[in-house]
Amino acid sequence: MTTLTPDDAREIANSLRKLSSDLGDYRFTNWNSLSEEERGRIESLEWTLLNYSSDMTATAIEIAADSIQEEVQHIKTTTQHLQNAIDRAESVRKVIGVATKAVTLAASISTGNVTAIIESSEGLLEEFT
């Protein structure tokens, strides 16, 4: 069985949100030709899709968080090596280089993109160990 990735969950959430928005557009465009009952039913379905979209977004965050938890120790090790590299740096240029790489790691962590986090962290470990 294939596991849902955070990107897959976000893509599904976006598709559901778009579908909900399209239903709303349809409802307002066709307002005068729809009965009150039809408008109410379409609106209900619109909100249901929007809620599922929100749920799927939460699922994406949970999946990403679970994946990140597996990498937390890896990230801690990487940041320790970066700290050591700064302590051993013999020039301002080296310190700035290490700090720039640390910012790149932090940026990948802030996106929640597990692949980017792993690639960034592994690259830094190779360079600084």
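Residues numbered from 1 in each chain as written. Predicted model: local features only at pLDDT ≥ 70, side-chain atom pairs only at ≥ 80, totals over all residues. Heavy atoms only, no water.

### As for the environment of Arg10
And then number 1: Structurally, Arg10 is set in helix H1 (residues 6–29).
And then number 2: Sequence-wise, Arg10 and Ser108 are 98 residues apart; in three dimensions their C-alpha atoms are separated by 17 Å. (Helix = DSSP H or I, 4+ residues; strand = E, 2+ residues; numbered from the N terminus.)

### A closer look at the side chain of Thr78
And then number 1: Topologically, Thr78 is positioned in helix H2 (residues 36–88).
And then number 2: You can call Thr78 buried: its relative accessible area is 1%.
And then number 3: Among all residues touching Thr78, those that are not within four sequence positions of it are Leu105, Ser121, Leu124 and Leu125. (Buried < 20%, exposed > 50% of the residue type's maximum accessible area, 1.4 Å probe, protein only. Contact = heavy atoms within 4.5 Å.)

### Focus: the nonpolar core
Here is a general trend for soluble globular proteins: nonpolar side chains tend to be buried in one another's company.
And then number 1: One finds Leu82, Ala85, Val98, Leu105, Leu124 and Phe128 forming the largest nonpolar core, which totals six residues.
And then number 2: Breaking this core down by element, the ones donating at least two residues are H2, helix H3 (92–111) and helix H4 (114–128).
And then number 3: Leave out the neighbours within four places in its chain, and Leu105 touches Thr78, Thr79, Leu82, Ile117, Ser120, Ser121 and Leu124.
And then number 4: Judged by nonpolar contacts, the second largest core, of five residues, contains Ala9, Ala13, Ala60 and Ile63. (Core = buried A, V, L, I, M, F, W, Y, C linked by side-chain atoms within 4.5 Å.)

### A word on the pattern of salt bridges
And then number 1: Using the criterion set out here, one finds four salt bridges in the structure.
And then number 2: In this structure, Arg10 and Asp7 form a salt bridge, with 2.5 Å as the shortest nitrogen-oxygen distance. Linking Arg10 with Asp7, this pair stays in helix H1, spanning three residues, or about one helical turn.
And then number 3: Overall, the relative accessible area of 34% leaves Arg10 in the partly exposed class.
And then number 4: Exposure remark for Asp7: the relative accessible area of 45% places this residue in the partly exposed category.
And then number 5: A single salt-bridge network, built from bridges that share partners, covers Arg27, Glu43 and Glu46. (Salt bridge = Lys/Arg side-chain N within 4 Å of Asp/Glu carboxyl O.)

### Concerning H3
And then number 1: Between the first and last C-alpha of H3 there are 29 Å, a value that for 20 residues agrees with the 28 Å anticipated at 1.5 Å per step.
And then number 2: Among the residues of H3, Val98, Leu105 and Ser108 are the ones counted as buried. Projected onto a plane normal to the axis of H3, the buried residues spread over an arc of 80° and lie on a single side. Exposed residues on H3 whose side chains face more than 90 degrees from its buried face are Val92, Arg93, Ile96, Val103, Ser110 and Thr111. (Expected span 1.5 Å × (residues − 1). Arc of directions from axis to C-beta.)

### A look at the environment of Ser15
And then number 1: When you line up the elements, Ser15 lands in helix H1.
And then number 2: Judged by relative accessible area, Ser15 falls into the partly exposed class, the value being 46%.
And then number 3: Placed 13 residues apart in sequence, Ser15 and Phe28 show a C-alpha to C-alpha distance of 20 Å.

Treat this as a map of the structure, not an account of what it does.
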